[in-house]
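Secondary and tertiary structure notes
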Amino acid sequence: MRPPNNKQPRMYYVHFVDFNKRLDEWVPEDLCDTSDPGQIVWPKEKTADPAATVASRKRKFDKITPQQSAGPDTPQVEAGAGLKIVSSPDLLGLPDASHEVLSPSLVEAAASSSLAASAPGETGANLTLEQDLRRLRAGGSLTQRTDEVSRMKNIDAIQLGRHVVETWYFSPYPFPMVQQSSMIYICEFCLTYRATEAEFIRHRAKCQVRGPPGAEICRDGPLSFHEVDGRKQKTYCRNLCLLSKLFLDHKTLHHDVDPFLFYVMTITDESGSHLVGYFSKEKDSAQDYNLACILTLPQYQRRGYGKLLIAFSYELSKKEGKVGSPEKPLSDLGLLSYRQYWFEVIMAILIDHQDEISIDELASRTAIRPEDVLHTLAAMRLLRYHRGTHIICLTPRHKADFDRAIAKQKRIIQADLLRWVPPVLSSASRYL
């Protein structure tokens, strides 16, 4: 319950059970029926099981590797072994997109993968692909910290440029500012935030910034990518993290930005470069992650910008001569974007490839880590087990899905427009 003040009446915080926290909202007291106390069910305190809490924190990251145990009846998928590509499953007597002909070990592995957290009591092995997508869109919080789950959304909306955007999650903006107003005003160029419109107007009159700090490393028409060093531009990067926390429930970083590089995507017009989205990556990742956090602002979602950010992260990996993978677990919307991107990139190779192809070859040609390639083949029902061997089975349904995705594709990354050299960082320059 939010206590009343001079500006706002008493409000109640509403969370919908088994739905994502982004649907939470504050409701005025006059919309709540409290006339019959007997009809009000107050939540019971849950006693946490220490063993269960420890087990839940020990998440298993996606380990669908070629060395994974495949069970007594199914051999392992060797990363270097060639997989036969079958374009007409009916010639082999295989039903179209039937899970019974999948390798059982791969179905179980794909279901247990923690690319994203599953909703309680649900696993991917028991759901169709469409049901799995609905589960990801409506699933619960992905945060691994129990105190984050109980945190209530503290800001109802933000004004960013000409857009007023409803927020989804809690973000640790300064409490006195949040206490003043349920909406904050953010400069879309320098990301400075103000509590009142009058303060924001004064800031805009003085602010001379017209785009992200850092070097512009790629430009394609009005679309640009800027590389921002968290060590050199601490204030901007911290404000960017605070902004992204409003739309990412599993994000906890907002102060320690020194070890990260931020790649900011903008659309440029006569007034300046407007923030569309960004992704961050560690300067020196022990696991060779090519992406730590990714966000497309809500006003630009469902326009292909998320996949464009993902594609750009893999273009950087190709420049570095490495295969990359995002940090796990992914958010629900992040997993949807990654699955679609991986599917399109892998399908583009398989359709034009007539001979056998290995997981390692797919990984080297796409810069996607082998376990992510294997996860995609299993999750999208491309990998089958037939007569004692694994095959890649391209059904008419897969080809139709790929054709629809390509038809909707509006933007692609032009590698020749990328003006970027992988930075050589000493141990001191990463943090000091």
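Anyway, here's the lowdown on the structure attached to this text. (Residues numbered from 1 in each chain as written. Predicted model: local features only at pLDDT ≥ 70, side-chain atom pairs only at ≥ 80, totals over all residues. Heavy atoms only, no water.)

A word on the sheet that holds strand β8 (residues 215–220). A sheet is described by the order of its strands in space; here 5 strands give the open sequence β8-β9-β10-β11-β13, paired in antiparallel fashion. Only two strands of the sheet have a single partner each, and these edge strands are β8 and β13 (293–296). Geometrically, the sheet is characterised by an average inter-axis angle of 20 degrees between neighbouring strands, direction not taken into account. One ladder, built from 5 bridges, connects β8 with strand β9 (residues 223–229); its direction is antiparallel. Each residue of the ladder has a partner; that of C218, found in β9, is F225. Across the sheet, helix α7 (residues 234–245) is in contact with β9, β10 (260–269), β11 (272–282) and β13; its angle to β10 comes to roughly 80 degrees. The strands touched by helix α8 (residues 305–320) within the sheet are β8, β9, β10, β11 and β13, with β11 carrying the most contacts at an inclination of about 50 degrees. (Pairing = 2+ DSSP bridges. Helix = DSSP H or I, 4+ residues; strand = E, 2+ residues; numbered from the N terminus. Axes fitted to C-alpha atoms, helices over the stretch in contact; angles between N-to-C directions. Contact = heavy atoms within 4.5 Å.)

Turning our eyes to something else, we now look at the environment of S313. For S313, the position within the fold is in helix α8. Residue classification places S313 among the buried residues on the basis of a relative accessible area of 1%. Each C-alpha atom, one on S313 and one on L291, is 6.8 Å from the other, the two residues being 22 residues apart in sequence. (Buried < 20%, exposed > 50% of the residue type's maximum accessible area, 1.4 Å probe, protein only.)

Here we take up the nonpolar core. Grouped together as the largest cluster of nonpolar side chains are 84 residues, with contacts concentrated most on Y173, L243, F312 and L377. Residue contributions to this core peak at 9 residues, all from helix α9 (residues 332–352). In contact with L243, other than residues within four places in its own chain, are I158, L160, Y173, I186, L191, L275 and L297. (Core = buried A, V, L, I, M, F, W, Y, C linked by side-chain atoms within 4.5 Å.)

A few words now on the sheet that holds strand β15 (residues 383–386). Strand order in the open sheet made by the 3 strands is β3-β16-β15, with mixed pairing throughout. In the strand order of this sheet, the two ends are held by β3 (84–86) and β15, each with one partner. Sheet twist, expressed as the average angle between the axes of neighbouring strands with direction ignored, equals 45 degrees.

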